[in-house]
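Chain residues, written in single-letter form:
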Amino acid sequence: MVNEHNFIGKWICADMTIEDRFAPVFKKEFIIDKAVDKAQAFVSGLGLFELRINGELADDTLLNPAHTQYSKTVLYREFDIKNLLKEGKNEITVEVGHSFYNETVATWKWQLAQWRDVPKMICDIELAFTDGTFENIPSGVDWLVCTDSVITANSIYYGETHDYRNKKNNWQSAIVANAPTGKLQLQKMEPMRRINTFAPAEITCIGNNSYVIKSPEMVTGWAKIILPLKEGQTITVTYGERLLPDGSVVHIGKGIGRDGNWYPLDFIQHDTFIGDGIITAFEPKFSYKGFRYIQIDNCPCELTADNVVIYRIANDVENIAEFNCSEPIINNLHSLMCRTILNNLQGKPTDTPVWEKNGWLGDLSCGLLSIIYNFNAGEFLQSFTTTMADCHVEYGMVPPFAPIVDANSNHPVWNTVFVFTAKALLDYYGQVHYVKSIYPILRDYALKQIAEIKSRGWVWDYKTLSDWVAPIGGVATDEANPNSSEGAEICATTFIYKMLLDMTEIAEEIGEDGADYTLASQKILKAFNEKFYDKEKGCYQTTFWEQIGGRLRYRQTSNLLPLAFDMVPEGEKTRVIEGLVNDIKSKGNHLDTGCTGTRFILPVLFDNGQSELAYKVLTQTTYPSWGYWLTKGDDSAWESWEDTTRSLDHYFLGSYEEALYTHLAGIKDVKRGFSEFTFEPQFNCGLQSLCVKLKTPKGKISCQWAVEGNACKIYIDVPAGITMHSKLKLKKINDTEYKAEINL
């Protein structure tokens, strides 16, 4: 349990309007005349803040605090500042940027946000001295604020303008601000940091004092540019994922570029730095970018690798897994997905670090276990689950993305991840107390979904977000179309059904009654098969169809989901599997799924005696496939299967990653905070060997297997305190280690 800090300080702001874009800097001077035993700073600044003590950063974190539903929850950070203090005069400064608290981009109604206001901050400094005395220094009107700061404009989308000629001379008394309505809570999730540092892979001069820098990999973050700018000399820095034919970076905004009309005021991912003849290192502070390329215009000298440092910036979640196998394609895909996930962990799980920066729930639903198997994301996911819960409380339904300004629609394929994530927090992290605390909201959500689907005859019958970005049914160069041809009938019905099964298990684990969920799920199952199962054809099919591109009426996703959720009537499963297998083979061992079905294609094939086919789909390299991305030279996941994909850094199609652990390694069916799991590796698929090490809350699981001739040798080490279930004839080596040799 965390003891929340009770703030003495007041929320304060500068005399400014929401149309002003500068970053105010608040400061307070104080005297220390005796030995300090302990010193802590508790700070929140909306939208983002940077804390300095005597000119030094309080720590190495960035972009504090995480984005939340500000109308319900506002996060603060706690800092140990003892080593930054000195005897005599000390100074604390807090610089505050706008971010989503005061954003002007209208595409997602941020400019209409109920919380929108000028940047503000709250701070308590608590000093404990060695003589047993204490002193508190709270924020209030005795603090000063600067309105001619270096950062003259900042936006989480557009970027920043820094004018170093501003010397912070205009100090005024801070004024008491309207406190945000959200409750102040300590940020428990790992803060953002510079996770990786890179040197440029290439630097190209494109003429007119402009240079394009190529990063060695796709990155979310920014670059530090080191240049001797004279006073008044200006450089612009633009970030992007692609280049134009002339070698320049694709600019987005002002009606230019893909979805450029979303950003009418300026280009996004675009920073301007104006020199003062003294400062030589330039980097943004209150905005992050997604990029493979960086363009610097008006460069005052030849640009070399010594002038550029590239940073990946993400929540500092621990990497808990090591994965390696005998197939290079799979190893490369593993690295690709881990990279893409990190590139979208910026205080919330985002969809793309370039265009939207939104916490789309469908993306998390697709990538949930891919995240969990690779990163210690318990606190990160708990925080985001709270955001989903806050949105449900505010709007009466979990929205399609969170945080959000307005929500008035129900998208079950997206919002059921509210329950799926809560169950994962129980299964993988043992967060019983937390799930109990939000159970009333989970229950309210589930009961509303029951009422909704009951009113429609226990099946979903209208179009909402579902199997987004399925292949267009043509060739790789065709224009992608994200819409689902078959609508949402099957996807939404099956997801509500699975959500209710999970709610039943959640209720059982925390001591609640889950009878409502069980009864409703039974009614859904019956109505679902009556409406959507074609017994004559042996397949599932919606009643809705919109012809898009060359897509065929048989939909893999429509049949994968009933198989994945065990909804197929007794005696019909073989026929449904045969139909799925035949369709995959007829397409040259290619998947034909959008983001929703893609997550389930490998598990369903592996679980139903089709390991070799699953392996062929996994290692496929022609369109549409994951390996196709590798053939195009990319090292992050795409938003669509086609070459015309908008985003090149979008994790929701990379959900094969989950099956690398649950099926190739065979570590699946995890329960009760990793107190138990099933070990069922798929060693008969065509892969020759595999080695996985996975850090769990109970210790590290190590497993490896290798096919040698007509046998497979298997080894697994399971920490004490974890119960392993397995149908394999494992021989116990000692208290934790097991081995087997299986004839093939």
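Rules used in this analysis
Residues numbered from 1 in each chain as written. Predicted model: local features only at pLDDT ≥ 70, side-chain atom pairs only at ≥ 80, totals over all residues. Heavy atoms only, no water. Pairing = 2+ DSSP bridges. Helix = DSSP H or I, 4+ residues; strand = E, 2+ residues; numbered from the N terminus. Axes fitted to C-alpha atoms, helices over the stretch in contact; angles between N-to-C directions. Parallel < 35°, antiparallel > 145°, perpendicular 65-115°, else oblique. Contact = heavy atoms within 4.5 Å. Nonpolar A, V, L, I, M, F, W, Y, C, P; charged D, E, K, R; others polar. Bend = angle between axes of the 7 residues up to and from the residue. Buried < 20%, exposed > 50% of the residue type's maximum accessible area, 1.4 Å probe, protein only. Phe/Tyr/Trp six-rings, centres within 6.5 Å; stacked < 30°, edge-to-face > 60°. Lys NZ or Arg CZ within 6 Å of the ring centre and 35° of its normal. Core = buried A, V, L, I, M, F, W, Y, C linked by side-chain atoms within 4.5 Å. Salt bridge = Lys/Arg side-chain N within 4 Å of Asp/Glu carboxyl O.

S.K.: What am I meant to see in the sheet that holds strand S24 (residues 321–325) here?
M.R.: Remark on secondary structure: sheet strands pair via backbone hydrogen bonds, oriented parallel or antiparallel. Across the sheet, 6 strands lie side by side as S24-S29-S30-S31-S34-S33; this open sheet has antiparallel pairing. Every other strand in the sheet has two partners, leaving S24 and strand S33 (731–732) as the edge strands with one partner each.

S.K.: I tried to follow the packing of helix H2 (residues 361–374) against helix H5 (residues 417–429) on my own but got confused; where do I start?
M.R.: Helix packing geometry: the angle between the two helix axes and the distance between the axes. Running from N to C, H2 and H5 cross one another at 10°; their axes reach a closest spacing of 10 Å. Judged by the angle between their axes, H2 and H5 are roughly parallel. Each of Leu361, Leu364, Ser365, Leu368, Leu369, Ile372 and Tyr373 in H2 lies in contact with H5, whose residues at this interface are Val417, Phe420, Thr421, Ala424, Tyr428 and Tyr429. When its residues are assigned to classes, the contact of H2 with H5 shows 11 nonpolar, 2 polar and no charged.

S.K.: Where do I start with helix H11 (residues 595–607) in this structure?
M.R.: Because an α-helix packs 3.6 residues into every turn, residues spaced three or four apart end up facing the same way. The largest bend in H11 is about 30°, located at Ile601, with the proline Pro603 one to four residues further on. For H11, a buried count of 12 out of 13 residues is recorded, marking the element as mostly surrounded by other parts of the structure. For H11, the set of buried residues is Cys595, Thr596, Gly597, Thr598, Arg599, Phe600, Ile601, Leu602, Pro603, Val604, Leu605 and Phe606. Downstream of H11 by one or two residues, Gly609 has phi in the positive range, about 75°.

S.K.: Honestly, the packing of aromatic side chains in this entry has me stumped. Any pointers?
M.R.: Think of a pair of aromatic rings as described by two things: how far the centres are apart, and how the planes are tilted against each other in angle. The tally for this structure, following the rule as stated, stands at 37 aromatic pairs. Their ring planes at 75° and their centres at 5.7 Å tell us that Phe495 and Phe565 sit as a pair that is edge-to-face. With Phe495 in helix H7 (residues 489–510) and Phe565 in the loop between helix H9 (556–564) and helix H10 (573–586), the pair connects residues that are 70 residues apart, well separated along the chain. Comparing Phe495 with Phe565, the two get one shared label, buried. Ring-pair connections join several aromatic residues into one group, and the members of that group are Tyr70, Phe100, Tyr101, Trp108, Trp110, Trp115, Tyr157, Tyr158, Trp262 and Tyr263. Lying over the aromatic face of Trp171, Lys27 brings its terminal NZ or CZ to 4.3 Å of the ring centre.

S.K.: It is not clear to me how the nonpolar core should be interpreted in this structure. Could you clarify?
M.R.: One recurring pattern in soluble globular proteins is that nonpolar side chains are buried together. Counting residues in hydrophobic clusters, the biggest one holds 251 residues, and the most contacted among them are Leu51, Leu602, Trp626 and Phe677. Top element by residues in this core is H7. It accounts for 12 residues. Leave out the neighbours within four places in its chain, and Leu51 touches Ala41, Val43, Glu56, Leu57, Ala58, Phe79, Ile92, Thr93 and Val94.

S.K.: Where do I start with the pattern of salt bridges in this structure?
M.R.: Where charged atoms from two side chains of opposite charge come close, those side chains can pair. Following the criterion strictly, the structure yields 45 salt bridges and no others. Among the ionic pairs, Lys423 bridges to Asp427, the shortest N-O distance being 2.7 Å. Placement of both Lys423 and Asp427 in helix H5 is noted, with a separation of 4 residues, approximately one turn of the helix. Accessibility classification places Lys423 together with Asp427 in one group, the buried group. For Lys587, the salt bridge goes to Asp583, with nearest N and O atoms at 2.7 Å. Looking at Lys587, the relative accessible area reads 21%, which means it is partly exposed.

S.K.: What's the story with the environment of Thr494 in this structure? I'm lost.
M.R.: Looking at the element boundaries, Thr494 is found in helix H7. According to the relative accessible area criterion, Thr494 is buried, its value standing at 0%. Spatially, the C-alpha atom of Thr494 lies 36 Å from that of Gly260, the residues being 234 residues apart in sequence. If near-sequence neighbours (up to four positions away) are discounted, Thr494 is found in contact with Phe528, Leu561, Pro562, Phe565 and Met567.

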